[in-house]
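Spelled out, the chains give:
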Amino acid sequence: MKKILSILLSLAVLISSFSLTFSVNAKDAYSNNEIKRVCLHDPSIFRAQNGKYYAVGSHLAMAKSSDLIDWSSTGSSIDGKNYLTTSTKSWKENLAEPLEWTTTYQKTVNPEIADENIEYNCWANDIIYNEDMGKYCLYGCCSVWGTTVSVIWLATSKSVEGPYEYVDSFVYSGLTCYEKAKDRDYLDEGQKYYAQQMDYSNTNMKELVEAGYMNESMITSNEGNWGYDFTDYNGYYLRIGAGEYPNAIDPTAFVDSMGQMWLVYGSFSGGCFVLKIDNNTGLPDYKYMKRVSDFNIYFGKRISCTNDETERTGEGPFIIYDEKSGYYYFFLTYGGLGAADGYNIREYRSKRPDGPYEDAAGNKATDFKNTGLKISGNIKFNSMKTAYLSPGHSSCLIDKDGRMFQAFHTRFTTDNGIGHQLRVHQMARTSDGWAVLLPFEYQGEKLTSVKKSDIAGTYEYIDLNNMTQRKADESSPWSDILLKKQYIKINSDGTITGIRDYECSLTNTHVSSKNVSGKWSFSTSGINATFTIGSVKYKGVFAYQKDSSASGKKVLTFSAAGNDNSTIMGVKHSHSNKTTKLTPATLKANGKITKKCSVCGAVTNTVIYRPKTFKLSKTAYKYDGKAKKPTVTIKDTKGKVISKSNYTVAYSSNKKVGTAKVKITFKNNYKGSKTLTFKIKKK
């Protein structure tokens with residue numbers, strides 16, 4: 001418990017520094033590229049009716065872009081005017097109802113709390129355009145840090161940038177049952193007062209009972225500790241992953257293949273749930289959920305679980321329907337949000353909006369084990385100025401042309417993990433319907449056919465493995481949790497050489513390693529490929545991308561999803577060679593230049609073929625005591641003419657009619673000499 005509280009306190013300090021969005025100038029501290037970026041936590045990305053792209057996140061942040069590359073902040077923040085500030089109300093007044101739930105809790109557990117110390121948290125907002133309503137629907141949540149005292153609400157606007165008018169709150173968590181608590185003798189008056197303040201009758205549950213969707217026995221029949229129901233909150237301490245019911249945070253809406261709306265929400269507290277939404281109101285469709293047996297009338301249907309193998313984590317759910325593949329993709333982030341705590345994005349898919357959702361290994365998201373195809377992690381390729389740390393809490397955009405993008409926030413090693421920024425990476429669909437994340441952030445590239453002849457070569461290679469890596473303690477180096485980069489060779493004969501399989505732990509990504517074999521093949525589609533690394537099968541793509549260098553150099557990359565829930569990524573490497581040894585060619589043997597790459601250490605040889613053919617021009621004639629000298633041409637054993645810069649020519653006995661000599665002396669990459677004779681005749 002002390003460890004949990006320590007983590008919560010440290011993260012609370014981190015959270016306080018991430019409250020605002022701000023634009024970052026070109027050539028910022030985290031990248032070599034001249035791209036305008038923003039700091040935006042927990043981004044939810046979408047395309048507005050005006051054709052521009054927007055991202056909203058925690059702390060009432062909003063940013064926009066015309067191309068998904070350069071971003072600018074709209075200036076909104078939790079401390080000033082924002083998209084929930086109307087002409088007559090501050091954002092706190094606009095959200096008075098949901099904030100009453102969170103402030104009541106704080107004042108109940110700490111009656112002496114000063115007003116300036118009350119938390120007004122708005123986390124992980126999401127915006128979707130509701131065509132039936134003709135409005136933008138903003139789904140948000142208010143919560144108290146370190147608890148499940150949370151509430152999800154809806155606000156709407158005709159304009160994407162607001163202002164949004166509050167509509168209603170519809171999922172409360174952290175509830176109690178006062179009727180059960182008041183008669184329990186072992187509770188003191190303070191505990192009973194707390195139960196009364198956080199009783200379900202102070203939420204919309206009371207309205208649902210009155211409307212006939214629920215009855216009180218459905219609520220009060222659940223057993224909890226001293227009157228607590230529908231909660232993972234035990235006393236004043238967090239019971240991570242221990243409960244049956246969700247935390248009402250991180251809501252995101254999506255539309256199914258029939259145009260019907262849904263909402264997914266939740267976190268490690270009880271898992272993630274989906275609600276059916278009524279398109280006409282933007283609020284839960286209670287009639288549907290009452291009719292369908294596997295739905296809880298209030299919380300919806302659970303689609304993921306939390307357990308020890310996932311380090312009791314999992315939050316930031318996002319679901320999107322992909323018309324091309326016919327799948328609903330469910331993205332979920334494991335790990336902790338701190339730079340050292342291993343945020344990483346997991347992927348599941350289903351043919352139904354409410355699941356079941358499965359991963360690449362065939363596990364269900366509701367299985368009590370480590371699940372989900374891992375598509376992000378702590379990585380650094382050579383052209384990146386700094387490593388990504390804890391990239392997560394993501395969202396997905398499928399544009400009008402079918403291109404798929406993943407947006408997430410990440411921290412960096414450059415500033416010891418303090419700062420963070422929004423990143424957008426393009427995704428590609430594999431031949432078996434998984435969506436893989438391309439290694440570099442999006443810079444306007446299109447997925448075009450790859451020439452098979454371009455593929456063979458040396459690659460920077462990273463295996464993301466299928467675990468969540470976090471620091472063992474504060475003194476641990478970042479290198480412990482950076483995913484191990486290695487250099488491999490993809491050969492034209494279909495083999496892959498130089499791969500080492502790294503054994504990992506939760507706190508070290510390269511405990512030990514062993515050599516493994518590899519194979520690859522390329523489809524006729526132009527991008528799709530298959531890989532076999534040891535016993536793991538991967539389906540993926542090759543893609544041309546711009547790397548993270550200042551020039552945005554065009555490079556060949558690959559990304560592939562494995563049947564063990566790991567993702568592999570590669571970037572074709574151009575050797576930075578330095579000459580280490582010269583063996584000159586002689587008249588009897590070839591020579592070679594041995595080069596060693598200053599980056600990856602690879603050794604390459606350039607063969608220097610020995611001289612073979614020596615040819616002189618026509619016999620020289622004498623002109624007034626001087627001879628016209630013949631031209632020398634030398635070819636090597638490959639038939640290539642050797643440049644004159646590689647030898648010198650000296651003549652003797654060429655002052656009179658008769659036989660003269662020419663001596664060829666080699667230099668530079670050749671050594672040795674050769675003497676030829678020629679005739680000098682009278683004119």
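Residues numbered from 1 in each chain as written. Predicted model: local features only at pLDDT ≥ 70, side-chain atom pairs only at ≥ 80, totals over all residues. Heavy atoms only, no water.

## Considering the packing of aromatic side chains
In the structure shown here, the tally under the stated rule is 35 aromatic pairs. On the numbers, 4.9 Å between centres and 65 degrees between planes, the contact of Tyr129 with Tyr136 is edge-to-face. By relative accessible area, Tyr129 is classed as partly exposed at 26%. Joined through ring pairs, the aromatic side chains of Tyr459, Tyr461, Trp520, Phe522, Phe531, Phe542 and Phe558 make up one cluster. Sitting above the plane of the Tyr120 ring, Lys92 keeps its charged end 4.2 Å from the centroid. (Phe/Tyr/Trp six-rings, centres within 6.5 Å; stacked < 30°, edge-to-face > 60°. Buried < 20%, exposed > 50% of the residue type's maximum accessible area, 1.4 Å probe, protein only. Lys NZ or Arg CZ within 6 Å of the ring centre and 35° of its normal.)

## Some details on helix H3 (residues 96–109)
One turn of the α-helix equals 3.6 residues, which is why residues spaced by three or four share an orientation. The terminal C-alpha atoms of H3, which comprises 14 residues, lie 20 Å apart, in line with the 20 Å expected from a rise of 1.5 Å per residue. Those residues of H3 not exposed but buried are Pro98, Leu99, Trp101, Thr102, Thr103, Thr104, Tyr105, Gln106 and Thr108. (Helix = DSSP H or I, 4+ residues; strand = E, 2+ residues; numbered from the N terminus. Expected span 1.5 Å × (residues − 1).)

## Points about the confidence of the model for the protein chain
For the protein chain, per-residue confidence averages 90 on the pLDDT scale, and residues scoring 70 or more make up 92% of the total. Low pLDDT, under 50, characterises residues 1–20; the predicted model gives this stretch 26 contacts beyond four residues in sequence or across chains. Segment residues 224–242 is flagged for pLDDT under 50; beyond a separation of four residues in sequence, or across chains, it makes 70 contacts in the model. (pLDDT = per-residue confidence, 0-100. Contact = heavy atoms within 4.5 Å.)

## Thoughts on the sheet that holds strand E31 (residues 528–533)
Within a sheet, neighbouring strands are paired by backbone hydrogen bonds and run either parallel or antiparallel to one another. Spatial ordering of the closed barrel is given by E25-E26-E27-E30-E31-E32-E33-E34, a layout of eight strands whose pairing is antiparallel. Looking at each pair of strands side by side, their axes are set apart by 30 degrees on average, direction ignored. Relative to strand E26 (residues 485–490), strand E25 (residues 457–463) runs antiparallel, the two being bridged by six bridges. Across the sheet, Ile462 pairs through a bridge with Lys485, a residue of E26. (Pairing = 2+ DSSP bridges. Axes fitted to C-alpha atoms, helices over the stretch in contact; angles between N-to-C directions.)

## Points about the state of the cysteines
Throughout the structure, instances matching the rule amount to zero disulfides. Cys137 takes part in no disulfide bond, and the closest cysteine sulfur to it belongs to Cys141, at a distance of 16 Å. On the basis of relative accessibility, which here comes to 0%, the residue Cys137 falls in the buried class. With no disulfide of its own, Cys142 lies 3.8 Å from the sulfur of Cys122, the closest cysteine sulfur. (Disulfide = S-S within 2.5 Å.)

## Considerations on the environment of Met427
Turning to its location among the elements, Met427 is positioned in strand E23 (residues 420–429). For the pair formed by Met427 and Phe405, sequence separation is 22 residues and the distance between their alpha carbons is 5.3 Å. Ignoring anything within four residues of it in the chain, the contact list for Met427 reads Phe331, Glu347, Ile375, Cys396, Met404, Phe405, Gln406, Ala435, Val436, Leu437 and Leu447.

## Remarks on the nonpolar core
Residues Leu84, Tyr139 and Phe170 are the most contacted members of the largest nonpolar core, which totals 79 residues. In terms of residue count, strand E8 (residues 135–143) provides more of this core than any other element does, six residues in total. Residues Phe331, Ile345, Ala435 and Leu437 belong to the second largest nonpolar core, which totals 35 residues. (Core = buried A, V, L, I, M, F, W, Y, C linked by side-chain atoms within 4.5 Å.)

## Some words on a negative patch on the surface
Where like charges cluster on the molecular surface, the negative patch consists of Glu97, Glu100, Glu207 and Glu210. Counting residues per element, the ones that place at least two in the negative patch are H3 and helix H6 (205–210). Following the sequence through the fold, Glu97 ends up in helix H3. (Patch = residues over 30% accessible without salt bridge, like charges linked within 9 Å, V, L, I, M, F, W, Y side chains within 5 Å. Areas by Shrake-Rupley, 256 points an atom, 1.4 Å probe, with all protein chains shown as cover. Salt bridge = Lys/Arg side-chain N within 4 Å of Asp/Glu carboxyl O. Lys, Arg positive; Asp, Glu negative; His and termini not counted. Charge placed at Lys NZ, Arg CZ, Asp CG, Glu CD.)

## What about the pattern of salt bridges?
Enumeration over the complete set of coordinates arrives at twelve salt bridges. Two residues, Lys364 and Glu358, come together in a salt bridge whose shortest N-O distance is 3.6 Å. In this structure Glu358 comes out as partly exposed when scored by relative accessible area, which is 31%. Shared partners join several salt bridges into a network, and the residues in it are Asp28, Arg37, Arg423 and Glu441.

## Concerning the packing of H3 against helix H5 (residues 189–197)
H5 packs onto H3 with a crossing angle of 175 degrees between their chain directions and a minimal axis gap of 10 Å. Considered as vectors, H3 and H5 are oriented roughly antiparallel to each other. Contacts from Trp101, Thr104, Tyr105, Thr108 and Val109 of H3 reach H5 at Tyr193, Tyr194 and Gln197. Looking at the contact of H3 with H5 residue by residue, the class counts come to five nonpolar, three polar and no charged. (Parallel < 35°, antiparallel > 145°, perpendicular 65-115°, else oblique. Nonpolar A, V, L, I, M, F, W, Y, C, P; charged D, E, K, R; others polar.)

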